[in-house]
Amino acid sequence: MSSYFYELPTTGAISFSDFCYDQSASYVTEVSEATEARANLRAALKESKRTGDIEKDYLKLIKVLDEYIPKLYGIIACVNSGDLVIRNEPIFSWRTTLSATLFNNSPRINLPSLPTEAAFTLLTYGFALSNLARAVVVSLGSYEYERAISDAERKAKDERLGFAVTLLCKAAGVYEFIAKEVMSQWDAARERALASGMSCPRPPDLSREVLIGLSKMALADAQVLAVRKLLTRAAYDSTLTPGPPLPKSHPSPALAAKLHLECVSLYSSARALAKTPGASRPSAPKSKSKFKLSLGSKDKERDKDSSGDGIPPREEHGEEVCPELRRYLADEIAFHNALSHKWLGVDAGETTVTERGGTAVGFLTWAKKELEELKHGGLSHGGVGTIGMSDREREMRDARKVRVLAELESVTVFLEGYTRMNDSLAFQSVPSQADLQASIPTGRLAVTIKPYAHPTPAFGPGSLEYTRRQTEQLDLLKSDQPANETKGTYAGAGEYF
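Because the structure is a prediction, the values reported are computed rather than measured.

A. Fine view of the overall build of the chain. Broken down by element type, the chain carries 12 helices and four strands. Across the 497 residues that make up the chain, the buried fraction comes to 50%. Considering only contacts within the chain whose residues lie at least 6 apart along the sequence, 82% involve residues at least 24 apart. Looking at the chain as shown, the accessible area adds up to about 23,900 Å², and 53% of this sits on carbon and sulfur atoms.

Structure follows, in structure tokens:
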């Protein structure tokens, strides 16, 4: 299964020379190049908006961002040092793609300050990394089930899958960096703007909770791909003979269960954080970011944020996170819960079926029930179908449905096999769901966040050229100092009484 499919934002045109005054005329060329790099970013985002999903070039967009971000931090460094003076507060226009709106469109918002530009630019960078990872996975297809594939081809595609994992771990680091580093600067700039009477709303895109939630979701998506990579060889060996017993190449099913349980934990944390901006509002005091997974149509009621009349509560400085993100997280939680139960059942059946045959049947029956509920598109839709879905969400839902049906078929084969073994050899009773729940272990993390640090500024304080000039000036000052007079070699030379 591929990762979350982000809608990329677009931005309005702006020229840094309109509000940056260079008293010494030292950075005229650099400021102009920064404006040009931002214009290239704006053009790349508009082009991505117009093209179809298959034709989108996320690698090109990442290269454009890699060129612009050092120049943006050069502007910020010069403003902070006083080398550039802000004539008037700049206003940056961005579309907030994580905001919930009535007609599923992305509202355009105007916000002041350079930290706004840094936050939205880095957020776009994270989106592009995540979407590139998704495009890589889609291009691979279901290669692990192709009987004609050679070992060399499979290993090459495994490496591509590992590349997608790396991209998602890097995206997780970018989101975390925005939350922990950039948002403190944005909050300070926002307070100054509000104090001066300027409008400065806080969209969910600039919420610390949402940003940390995005980081956890990216890490969970990376873990999902890492689990797939772990099982590619075993999936290939199981193509002709699915079900029990597992091939010798198969990793420990208990390990697979723990990896999926960690996915559940990460997605659950991400969903709780994504709901926090709405849950923390005065009109919904009962919700305190506690995560509870409901089934069926109850999830629809859960997303009303306990406002009583079903109307999402509003706040002067915030909006809701878009429903498709919350639905994605809810469905991923349910799906990986089912897979963890599947592998816990397989582990019981493969290790000691004569002693734990009932446990194997119990877990696999539970997993089958959960997958049956998911196969119609997900628990979070509550039978609504595709009403109100964007094309991106419909694409993600269709991809999940294919995976759910494949897993349902696999679970059915294992369940039938272990049921026959239990009925003919073990004669073990099937534990209750409560007893099975009590035996579930904790998850295990297989991937880590790749920490992000903004690049060295392209110019100004902190840049390589600036450091070189400072070093040269220090060397020049040292060379201009008069040499010390040669001291005599007689006793007491240099001593005065």
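Further notes follow.
B. Here's a closer look at the environment of Leu-436. Looking at where Leu-436 falls in the secondary structure, it is placed in helix H11 (residues 433-438). Along the backbone, Leu-436 and Thr-359 are 77 residues apart, and their C-alpha atoms lie at a distance of 7.4 Å. Excluding residues that lie within four positions of it along the chain, Leu-436 makes contacts with Thr-359, Gly-362, Phe-363, Trp-366 and Pro-431.

C. A look at the nonpolar core. With 97 residues, the main nonpolar core has Phe-16, Leu-214 and Met-217 as its most contacted residues. Among the elements that line this core, the one with the most residues is helix H4 (residues 151-195), at 17 residues. Excluding anything up to four places from it in sequence, Met-217 contacts Tyr-4, Tyr-6, Tyr-267, Ala-270, Leu-325, Tyr-328 and Leu-329. Among the nonpolar cores identified, the runner-up in size contains 31 residues, and Leu-259, Ala-334, Leu-339 and Val-404 belong to it.

D. Just the environment of Pro-247, in detail. Examined against the element boundaries, Pro-247 turns out to sit in the loop between helix H5 (208-237) and helix H6 (253-279). Distance in space between the C-alpha atoms of Pro-247 and Tyr-236 is 9.8 Å, their sequence separation being 11 residues. For Pro-247, the residues in contact, after removing those within four places along its chain, are Ala-234, Asp-237 and Ser-238.

E. Layout of helix H3 (residues 114-140). Given a rise of 1.5 Å per residue, 27 residues ought to cover 39 Å, and the 40 Å separating the end C-alpha atoms of H3 matches this to within 8%. For H3, a buried count of 24 out of 27 residues is recorded, marking the element as mostly surrounded by other parts of the structure. Phi turns positive, to about 65°, at Gly-141, one or two residues after H3.

F. View of the packing of helix H1 (residues 28-50) against helix H2 (residues 58-81). Where H1 contacts H2, the two axes come as close as 9 Å, and the packing angle between them is 150°. In this structure, H1 crosses over H2, and the sense of that crossing is left-handed. Contacts between H1 and H2 pair Val-31, Glu-33, Ala-34, Ala-37, Arg-38, Asn-40, Leu-41, Ala-44, Leu-45 and Glu-47 from the former with Lys-60, Leu-61, Val-64, Leu-65, Tyr-68, Lys-71 and Ile-75 from the latter. Residue composition of the contact of H1 with H2, grouped by class: 11 nonpolar, one polar and five charged.

G. Geometry of the layout of surface pockets. Of the voids in this model, the largest pocket is the one considered here, and its volume is about 1,100 Å³. Where the lining of the largest pocket is concerned, the elements lending two or more residues are H3, H5, helix H8 (323-351) and helix H10 (391-426). In terms of residue count, H10 provides more of the lining of the largest pocket than any other element does, 10 residues in total.

H. Fine view of the environment of Ala-128. By the element assignment, Ala-128 lies in helix H3. If we ignore the near neighbours within four places in the chain, the residues touching Ala-128 are Leu-8, Tyr-58, Leu-61, Ile-62 and Leu-65.

I. Looking closely at the pattern of salt bridges. Considering all chains together, one arrives at 23 salt bridges under this definition. A salt bridge links Glu-144 to Arg-228; the shortest N-O distance between them is 2.9 Å. In this pair, Glu-144 is assigned in the loop between H3 and H4 and Arg-228 in helix H5, connecting sequence segments 84 residues apart. In this structure, Glu-144 and Arg-228 share a single accessibility class: buried.

J. Structural context of the packing of H2 against H3. Contact geometry for H2 and H3: axes closest at 10 Å, N-to-C directions at 160°. Relative to H3, the element H2 is oriented roughly antiparallel. At the point where H2 passes H3, the crossing takes the left-handed sense. Considered class by class, the residues forming the contact of H2 with H3 number 20 nonpolar, three polar and two charged.

K. Inspection of unusual backbone geometry at higher detail. Cis peptide bonds are those with omega within 30 degrees of zero, and the linkage from Pro-244 to Pro-245 qualifies with -5°. Considering the arrangement of structural elements, one finds Pro-245 in the loop between H5 and H6. Positive phi, normally seen in glycine, also occurs at Ala-25, with a value near 60°. Relative to the assigned elements, Ala-25 resides in the loop between strand E1 (20-21) and H1.

L. Region of the structure containing H10. With 36 residues, H10 ought to run about 52 Å at 1.5 Å a step, and its terminal C-alpha atoms sit 50 Å apart, in line with that. Residue Phe-427 follows H10 closely and has a positive phi angle near 55°.

M. Main features of the packing of aromatic side chains. Following the criterion strictly, the structure yields 15 aromatic pairs and no others. Between Tyr-4 and Tyr-6 the ring centres are 4.9 Å apart and the planes differ by 80°, which places this aromatic pair in the edge-to-face class. Here Tyr-4 matches Tyr-6 in class, with each residue buried. Seen in terms of ring centroids, Phe-363 and Trp-366 are 6.3 Å apart; in terms of plane orientation they differ by 10°. Their pairing is stacked. With Phe-363 and Trp-366 both in helix H9 (residues 353-374), this residue pair falls three residues apart, about one helical turn. Like Trp-366, Phe-363 is buried. Aromatic ring contacts, followed pair by pair, group Tyr-4, Tyr-6, Phe-127, Tyr-175, Tyr-267 and Tyr-328 into a single cluster. Arg-134 extends its terminal NZ or CZ atom over the ring of Phe-5, reaching a point 4.5 Å from the ring centre. When the ring centre of Tyr-236 is taken as origin, the NZ or CZ atom of Arg-147, which lies over that ring, is 4.7 Å away.

N. Region of interest: the confidence of the model for the chain. Of the residues in the chain, 84% have a pLDDT of 70 or more, and the chain-wide mean is 85. Confidence over residues 278-317 falls short of pLDDT 50; this stretch has 58 contacts with residues more than four positions distant or in other chains.

O. Seen up close, the side chain of Glu-144. Of the residues examined, Glu-144 reaches a relative accessible area of 6% and is grouped as buried. In this structure Glu-144 touches Arg-228, Thr-232, Ala-235, Tyr-236 and Thr-239, once residues within four positions along its chain are discounted.

P. Representation of the side chain of Asp-158 in the model. Relative to the assigned elements, Asp-158 resides in helix H4. Those residues within four positions of Asp-158 in sequence are excluded, and the remaining contacts are Tyr-143, Lys-229 and Thr-232.

The rules behind each value
Per chain, the residues get numbers from 1 upward, laid out in the order the sequence is written. Since the coordinates come from a predicted model, pLDDT governs what is reported: local features require at least 70, and pairs of side-chain atoms require 80 or more to be given and counted, while whole-chain, interface and lining totals use all residues. To get the side-chain values, take all heavy atoms of the structure and skip hydrogens and water. Here a helix means four or more residues in a row that DSSP labels H or I, a strand means two or more in a row labelled E, and each is numbered from the N terminus. Think of it in three bands: residues with accessible area under 20% of the maximum for their type are buried, residues over 50% are exposed, and the middle band is partly exposed, with areas taken using a 1.4 Å probe on protein chains only. Pairs of residues are marked as contacts when any of their non-hydrogen atoms sit within 4.5 Å. Only the protein chains shown count as cover for residues, and all accessible areas are computed by the Shrake-Rupley method using a 1.4 Å probe. We define a nonpolar core as any set of buried Ala, Val, Leu, Ile, Met, Phe, Trp, Tyr and Cys residues linked to one another through side-chain atoms lying within 4.5 Å. Expected span of a helix: the number of residues minus one, times 1.5 Å. Here the axes come from fitting lines to C-alpha atoms, over the contacting stretch only for helices, and the angles between their N-to-C directions go from 0 to 180 degrees. The hand of a helix crossing depends on one turn: near helix anticlockwise from the far one by less than a right angle means left-handed, and clockwise means right-handed. Each residue receives one of three labels: charged for Asp, Glu, Lys and Arg, nonpolar for Ala, Val, Leu, Ile, Met, Phe, Trp, Tyr, Cys and Pro, and polar for the others, Gly being one of them. Method remark: on a 1 Å grid restricted to protein atoms, a set of points is classed as a cavity if a 1.4 Å probe fits but cannot get out and as a pocket if it is open with protein on both sides within 12 Å along at least five of seven lines; lining residues have an atom within 4 Å of a point. Grid points are joined across faces, edges and corners, and a volume is the space filled by probe spheres set on the points. Whenever a carboxyl oxygen of Asp or Glu lies within 4 Å of a side-chain nitrogen of Lys or Arg, that contact is scored as a salt bridge. Every angle not falling under 35 degrees, over 145, or within 65 to 115 is termed oblique; those three ranges are roughly parallel, roughly antiparallel and roughly perpendicular. Any Phe, Tyr or Trp ring, taking Trp's six-membered ring, that has another such ring centre within 6.5 Å forms a pair; planes under 30 degrees apart are called stacked, those over 60 apart edge-to-face, and the others tilted. Only lysine NZ and arginine CZ atoms are considered, and such an atom sits over a ring when it is within 6 Å of the ring centre and within 35 degrees of the ring normal. pLDDT is defined as a per-residue confidence score from the predictor, taking values between 0 and 100.

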